[in-house]
Amino acid sequence: MMDRAQEYDSDSAESDEYENLESRVEGKTEVLLGYPDELADQTATAFDTRIGGYPIWAIPDCPPSLSLALCANCHGLMSLFVQANASLEGTLYDRVIYVFGCLKPACRRRPGSVRAFRSIFYKLSNMVQSDIIKPDTSQVTSQCVQRPSSSSSSMHNPVLTADLGNAIFGEGFGTNAIALPEAKQVSGKSDTKLQQDSIADVTEKLRSTFIHLPELPISPWPTLTNTSHFKSYFLYVENEYLSKVENLDLSQRIQIVDTNDQSIGTESSSIEALPESDAGILDITFQKFADTVAMNPEQVIRYQRKGSPLFYSSTDGTYRKLCRSNSKYDSSNIPSCPLCHAERIFELQLMPYLIQILEEDQADIENGMEWGTILVATCEADCTPQFDNEQDVWYMEEWVGVQWEEKS
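To continue, consider the sheet that holds strand 10 (residues 301-303). Ordered in space as 1-7-2-3-4-5-14-12-11-10, the 10 strands form a closed barrel in which the pairing is antiparallel. Sheet topology note: the strand 1 (residues 27-39)/strand 7 (residues 233-242) ladder contains eight bridges and is antiparallel. By the bridge assignment for strand 7, glycine 27 is matched with leucine 242. Along the sheet face, helix 6 (residues 284-295) touches strand 7, strand 10 and strand 12 (371-379) and points at about 110° away from the line of strand 7.

This is the structure:
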């Protein structure tokens, strides 16, 4: 139990947080928001950001170990919530984040019922042209021996920089892959020389992140078409824009309420006042969450690598873990990467409207998902394990923090 001084400090921090919310001016933030768009179809690739459906691997014959997608409680195969293209500027690899969740009520609210892993697809072999000296890849190793086919290679653009927004979420339409700008010219260097130097530099940097591990057994995946899954949608991305919040009644809380069950393409949400909690205490953190989401109510993903999460509550274990000092978020409180021991940093979070979209065809709403937000933090160094067999793709589990809906 907190003493009176600690309780005062906590209340003061929440008051400051709310004052900051009230004084916030209208404008664009650094956060990228993902919104549901059209239904995903057979044109979807591993590098399209989608919600629901089945996972798609960069190299179909080289999936991750099935163990990464199993519930830690019932050991059953979990459902895909999100597959997000999270490629970064200035790298020679593609990067995808997968988030899975168990739908069994018995596993709900238990650690390991939501899991995420990061995929690194090393694309040097797709970038090097016949007139460029190929770098030595004899020490680049991992789980499988399959190399990408010519068809999978064709979806990569041989440039070294990328627009972050498009790199994360693509263009949101089927085969509209990542729109990458032209690589910048460096005075005095030819295109070939520039590419050789860049490949050598980034290759060395990538190799420095390899972690030497014994080869791990690979659990085979079942035939996915025989497993349950949600309907899948492509996402489109926009920057977050916020309006000034003013004249708010602190004696009330608000929540997003569905007002239209027909389709995701129409106006679908509003805000509704809620009374104080039974204890008579207003959760300022939730108020900030609700006010922020209400400005862009159909967001299903928030993305800001090295940013700060938008917390759903200040009363649960996830918040207390990440906001120990004076209720301020500190990324150093996230468990470090178990492979390279670098810090993990916040990267993305899933938002409540995702539940409505994924469960739109489900009749049993009473046993539906009941989380407020799902936070995903990833290795800041983007490290990859090194195994005994040469290949181009690796998979690493990352940290997930779930803030569950508060029970009434």
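Let us keep going from here.
Further remarks concern the side chain of aspartate 316. Within the secondary structure, aspartate 316 sits in the loop between strand 10 and helix 7 (317-322). Buried charge without a salt bridge: aspartate 316, with arginine 320 as the nearest opposite-charge side chain at an N-O distance of 6.1 Å. A polar atom in the side chain of aspartate 316 sits 3.2 Å from the backbone nitrogen of tyrosine 319. Residues contacting aspartate 316, with those up to four places away along its chain left out, are Val402 and Gln403.

The full count for this structure, using the stated rule, is 16 aromatic pairs. For the ring pair tyrosine 98 and phenylalanine 117, a centre distance of 5.0 Å and an interplane angle of 25° mean the geometry is stacked. With tyrosine 98 in strand 4 (residues 93-101) and phenylalanine 117 in strand 5 (residues 114-122), this residue pair connects regions lying 19 residues apart in the sequence. Since its relative accessible area comes to 1%, tyrosine 98 is described here as buried. Note on phenylalanine 117: relative accessible area 1%, which makes it buried. Taken together, the ring pairs connect Trp57, Tyr98, Phe100, Phe117, Trp221 and Tyr395 into an aromatic cluster.

With that out of the way, let us pick up the pattern of salt bridges. In total, this model carries 13 salt bridges according to the counting rule given. Residue arginine 118 pairs with aspartate 382 through a salt bridge whose shortest N-O separation is 3.1 Å. Pair noted here: arginine 118 is in strand 5 and aspartate 382 is in the loop between strand 12 and strand 13 (384-386), with a separation of 264 residues, a long-range link. As far as burial versus exposure is concerned, arginine 118 and aspartate 382 are alike and both buried. Linking lysine 231 and glutamate 360 is a salt bridge whose minimum nitrogen-to-oxygen distance equals 3.9 Å. You can see lysine 231 sitting in the loop between strand 6 (210-212) and strand 7 and its partner glutamate 360 sitting in the loop between helix 8 (353-358) and strand 12, a full 129 residues away along the chain. Judged by relative accessible area, glutamate 360 falls into the partly exposed class, the value being 33%. Overlapping salt bridges, with partners in common, bring together Arg95, Arg118, Arg305, Arg344, Glu347, Asp382 and Glu398 in one network.

About the cut-offs
- Residues numbered from 1 in each chain as written.
- Predicted model: local features only at pLDDT ≥ 70, side-chain atom pairs only at ≥ 80, totals over all residues.
- Heavy atoms only, no water.
- Pairing = 2+ DSSP bridges.
- Helix = DSSP H or I, 4+ residues; strand = E, 2+ residues; numbered from the N terminus.
- Contact = heavy atoms within 4.5 Å.
- Axes fitted to C-alpha atoms, helices over the stretch in contact; angles between N-to-C directions.
- Buried < 20%, exposed > 50% of the residue type's maximum accessible area, 1.4 Å probe, protein only.
- Lys, Arg positive; Asp, Glu negative; His and termini not counted.
- Salt bridge = Lys/Arg side-chain N within 4 Å of Asp/Glu carboxyl O.
- Polar contact = N/O pair within 3.5 Å; in protein donor to acceptor, adjacent residues only side chain to side chain.
- Phe/Tyr/Trp six-rings, centres within 6.5 Å; stacked < 30°, edge-to-face > 60°.

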